[in-house]
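# Chains, contacts and geometry: an overview
Residues per chain, in single letters:
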Amino acid sequence: MAKAGQQLGHLDRGIGLWGALSANVLNMVGVGPFLTIPLALAAMGGPQAMLGWILGALLALCDGMVWAELGSRMPHSGGSYHYLLTAFGPKTLGRLMAFLFLWQSLLVGPISIASGAVGFADYASVFHPLSAAQLKLIAMVLCLVNMAVLYRSIRSIGVLSVIVTVVVLATCCWIILSGITHFHPAIAFDFPPHAFHLSHTFWLGLGSATLIATYDYGGYNNVCLLGGEVRNPTKNIPRVVLLSIVLVAAMYLAMNISILGTLPWREAQHSKVIVSDFMQAVHGAWAAKAVSILILIASWGSAFAILLGYSRIPYAAAASGEFPAVFARVHPKDHFPTVSLIYMGIASMAMCFFSLADLIAGLIVIQTMLQFLGQCIAVMLLRRQSPPAPGRFRMPLYPLPALVALAGWLYIVGASQLKHIAVGAGLIVAGMVVFLFQANRAQEWPFQQA
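All values derive from a computational prediction rather than experimental measurement.

### A look at the overall build of the chain
A tally of helices and strands in the chain yields 19 helices and zero strands. What you see for the chain is a C-alpha radius of gyration of 21 Å, in line with the 22 Å of a compact globule of 450 residues. Principal-axis analysis of the C-alpha atoms places the extent of the chain at approximately 70 × 50 × 45 Å. Within the span of the chain, comprising 450 residues, buried residues form 59% of the whole.

### Re helix H17 (residues 356-385)
Spanning 30 residues, H17 covers 41 Å between terminal C-alpha atoms, matching the ideal 44 Å at 1.5 Å per step. Along H17, the sharpest kink reaches roughly 55°, centred on Thr 368. Counting buried positions over the 30 residues of H17 gives 23, a clear majority of the element.

### Overview of the packing of aromatic side chains
Summed over all chains, the structure comprises 15 aromatic pairs. Here Trp 53 and Tyr 217 contribute two aromatic rings whose centre-to-centre distance is 6.1 Å and whose plane-to-plane angle is 80°, an arrangement assigned as edge-to-face. Of the two residues, Trp 53 sits in helix H3 (residues 50-73) while Tyr 217 sits in helix H9 (residues 200-217), which places them 164 residues apart along the sequence. Members of the aromatic cluster, each reached through a chain of ring pairs, are Phe 99, Trp 103, Phe 435 and Trp 445.

### A closer look at the nonpolar core
Counting 141 residues, the largest nonpolar core has Val 29, Phe 34, Tyr 217, Ile 259, Val 275 and Trp 409 as the members making the most contacts within it. The element contributing the most residues to this core is helix H5 (residues 93-124), with 17 residues.

### Thoughts on unusual backbone geometry
Omega for the peptide link from Tyr 398 to Pro 399 comes to 5°, which places this bond in the cis form. Here Pro 399 is to be found in the loop between H17 and helix H18 (400-414). Located in the positive-phi region is Asn 232, a residue other than glycine, with phi close to 45°. Tracing the sequence through the fold places Asn 232 in the loop between helix H10 (222-225) and helix H11 (233-260). Take Asn 232: its relative accessible area is 44%, and that puts it in the partly exposed class.

### Re the pattern of salt bridges
Applying the stated criterion across every chain, the model contains four salt bridges. Between Arg 95 and Glu 444 there is a salt bridge; the shortest N-O distance is 2.7 Å. Of this pair, Arg 95 sits in helix H5 while Glu 444 is found in the segment after helix H19 (418-442), placing the two residues 349 residues apart along the sequence. Residue classification places Arg 95 among the buried residues on the basis of a relative accessible area of 18%. Residue classification places Glu 444 among the partly exposed positions, given a relative accessible area of 34%. Residue Asp 190 is joined to Arg 266 by a salt bridge in which the shortest nitrogen-to-oxygen separation is 2.6 Å. Linking Asp 190 in the loop between helix H8 (185-188) and H9 with Arg 266 in helix H12 (residues 265-268), this pair joins segments that are 76 residues apart in sequence.

### Concerning a nonpolar patch on the surface
Side chains of Leu 51, Ile 54, Phe 189, Phe 191 and Phe 196 sit close together on the surface and give an oily, nonpolar patch of about 450 Å² of accessible area. Its place among the elements puts Phe 196 in the loop between H8 and H9.

### Comments concerning the packing of H3 against H18
H18 packs onto H3 with a crossing angle of 125° between their chain directions and a minimal axis gap of 8 Å. On the basis of their axis angle, the class for H3 and H18 is oblique. Taken as a pair, H3 and H18 cross one another with a handedness that is left-handed. Contacts between H3 and H18 pair Leu 59, Cys 62, Asp 63, Met 65 and Val 66 from the former with Pro 401, Ala 402, Val 404, Ala 405, Gly 408, Trp 409 and Ile 412 from the latter.

### Let's talk about the state of the cysteines
Applying the stated criterion across every chain, the model contains zero disulfides. Cys 143 carries a free sulfur, and the closest cysteine sulfur to it, the one in Cys 352, is 3.8 Å from it. Left without a disulfide partner, Cys 172 is nearest to the cysteine sulfur of Cys 173, which lies 7.0 Å away. Given a relative accessible area of 0%, Cys 172 falls into the buried group.

### A word on the packing of H3 against H11
In the contact formed by H3 and H11, the axes pass within 8 Å of each other and the chain directions differ by 175°. Taken together, the axis directions place H3 and H11 in an arrangement best described as roughly antiparallel. Residue-level inspection shows Met 50, Trp 53, Ile 54, Ala 57, Ala 60, Leu 61, Gly 64, Met 65, Trp 67, Ala 68, Gly 71 and Ser 72 of H3 in contact with H11, the latter providing Thr 234, Ile 237, Pro 238, Val 241, Leu 242, Ile 245, Ala 249, Tyr 252, Leu 253, Asn 256, Ile 257 and Leu 260.

### Comments concerning the side chain of Thr 171
Mapping Thr 171 onto the fold places it in helix H7 (residues 154-181). Sequence-distant contacts of Thr 171, that is, excluding residues within four places in its chain, are made with Val 291, Leu 294 and Ile 295.

### Re the confidence of the model for the chain
Taken as a whole, the chain shows an average pLDDT of 86; of its residues, 94% reach a score of 70 or greater. Mean pLDDT values for the elements of the chain range from 77 in H7 up to 95 in H18. Low pLDDT (under 50) marks residues 1-8, which in the prediction has 24 contacts with non-local residues, meaning those over four places away or in another chain.

Each value, and the rule that gives it
Residues numbered from 1 in each chain as written. Predicted model: local features only at pLDDT ≥ 70, side-chain atom pairs only at ≥ 80, totals over all residues. Heavy atoms only, no water. Helix = DSSP H or I, 4+ residues; strand = E, 2+ residues; numbered from the N terminus. Rg over C-alpha atoms; globule rule 2.2 N^0.38 Å. Buried < 20%, exposed > 50% of the residue type's maximum accessible area, 1.4 Å probe, protein only. Expected span 1.5 Å × (residues − 1). Bend = angle between axes of the 7 residues up to and from the residue. Phe/Tyr/Trp six-rings, centres within 6.5 Å; stacked < 30°, edge-to-face > 60°. Core = buried A, V, L, I, M, F, W, Y, C linked by side-chain atoms within 4.5 Å. Salt bridge = Lys/Arg side-chain N within 4 Å of Asp/Glu carboxyl O. Patch = residues over 30% accessible without salt bridge, like charges linked within 9 Å, V, L, I, M, F, W, Y side chains within 5 Å. Areas by Shrake-Rupley, 256 points an atom, 1.4 Å probe, with all protein chains shown as cover. Axes fitted to C-alpha atoms, helices over the stretch in contact; angles between N-to-C directions. Parallel < 35°, antiparallel > 145°, perpendicular 65-115°, else oblique. Left-handed = near helix turned anticlockwise from the far one by under 90°. Contact = heavy atoms within 4.5 Å. Disulfide = S-S within 2.5 Å. pLDDT = per-residue confidence, 0-100.

In structure tokens, the structure reads:
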């Protein structure tokens, strides 16, 4: 272990506002919305699934304010590690909370990266039928390629993020414009009988649809993981978080209603590549193949942006003395964490053996139980300790957004499948056991001598 506070390498603040915004948008707009629309339709049994997208946008905005205030207050690479440690006490409970975040990030990071890679492989099957083994191989190769692409200076990566983001936004605009010119209200609002009957099934379906939407909106926190590499971070981090949420939410809602106004939902809920099917219906086979190519670029960009963010977490932990010092190694010339990046790349390859549905559900539930709930409490604890310094972001209508986010995350966990909740609970128990074992061996909290 490195000694607490020891800095084994420094990171270059080479990402400006537009580079950070591009990395966030890339993280959010991956293959998710191009694959998950049918999952949301099936969860609620009709176009009322749009409620899940609206609730997901509201939750993302409220939670984004939590991230914006925390990121502006503590603009360090590693994000939640610093927030939880400071808020809950750096010498007491904060040590456990920060460790649990690090513990879950070693699994959540690879799962998140793999979900983008698996989605990439699924859309590649538009061009040629692929076996299950071939799909897994393609996803694993993508993870390996992204690791190689990111093994370089952060400055060149920022430029690459902007270029890919332009492709992503152009793709979404093409989909939206195609839907507007072929929109049929009777198809878009073809609600089944009792669509809005507030039964137990309705609330469970809405929870599932909101979980799916939350996965697709996810990534607005990416800039907080890169806090130590962002220029003027106290201003740019909040701007990037909130701007990316508003931009992507508006784009997703427009894209969803465009597709639902063209493809009957009873047909769309069974589609594996819904955007390709949509473009096939609107423009023909050439458009289906063209949009699939653009979606492949978008999903690749998303997977590499996620790898970029999560590769900084073990680095931050090692630099603070919580992880083995090897994770704090930084490239001597280009100043990026090398060992941490390689670990995340290889671990994400292993996660590619799971299905996209399990990756999505497991990702959201685990993150909520071990990170998001704690952060909503953390921002309120920090406000009680001291208000944000002048020039730092202050959450509007405090504490309402934090409370809404807290309630939203609890609702999503409560509506999730027991197997995913069990995985999250098991991860918490295992993490606590490891933490207590290490603390007892080192005679640290809660075992330190008086």
